[in-house]
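Coordinate analysis (summary)
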Amino acid sequence: LWVEPKDANFKRRITFEDKLLLDQERSEALLSKLTGALLGPVTMYLSDRDTYQELKTQAGVEGLATYTKTIIEQVHEMKPDTYNEYIDNLVIL
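A quick note: this is a predicted structure, and the numbers were derived from the prediction, not measured.

Basis of the calculations
Residues numbered from 1 in each chain as written. Predicted model: local features only at pLDDT ≥ 70, side-chain atom pairs only at ≥ 80, totals over all residues. Heavy atoms only, no water. Helix = DSSP H or I, 4+ residues; strand = E, 2+ residues; numbered from the N terminus. Buried < 20%, exposed > 50% of the residue type's maximum accessible area, 1.4 Å probe, protein only. Contact = heavy atoms within 4.5 Å. Areas by Shrake-Rupley, 256 points an atom, 1.4 Å probe, with all protein chains shown as cover. Core = buried A, V, L, I, M, F, W, Y, C linked by side-chain atoms within 4.5 Å.

Observations concerning the overall build of the protein
Within the protein, the secondary structure is distributed over 5 helices and 2 strands. Overall, the protein shows an N-to-C arrangement of helices and strands of β-α-α-α-α-α-β. For the protein, buried positions account for 25% of its 93 residues. Long-range contacts, defined as pairs at least 24 residues apart, comprise 64% of the intrachain contacts of the protein with a sequence gap of at least 6. Taken as a whole, the protein presents about 7,000 Å² of accessible surface, with 54% of it coming from carbon and sulfur.

As structure tokens, then:
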């Protein structure tokens, strides 16, 4: 799920539904599934880079964001149940 800004000052807060936030076991399980699918590929992406330098520059942050977006799209394609379970519980404020 990507929310595209209409202008440079666009900000949104994305969170879980209240009933999920109040259920620690369920929210931890859901986050665990998503982070498990994302952390390995992101770690590999950063493994051959100087992470400090990468995250210090706008270009580095944009590169990581683009890569992470690609991974999320792959999770959507390869693990649609995990992706949909996560998306179905999000609330955009």
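Further notes follow.
Here's the deal with the nonpolar core
Counting residues in each nonpolar core, the largest one holds 12 residues, listed as F16, L20, L30, L34, A37, L38, I71, I72, V75, Y83, Y86 and L90. Those elements that provide at least two residues to this core are α2 (24-47), α4 (58-78) and α5 (80-88). Per-element tally for this core: the top contributor is α2, with 4 residues.

The quantities given are spatial measurements derived from coordinates; they are silent on function.
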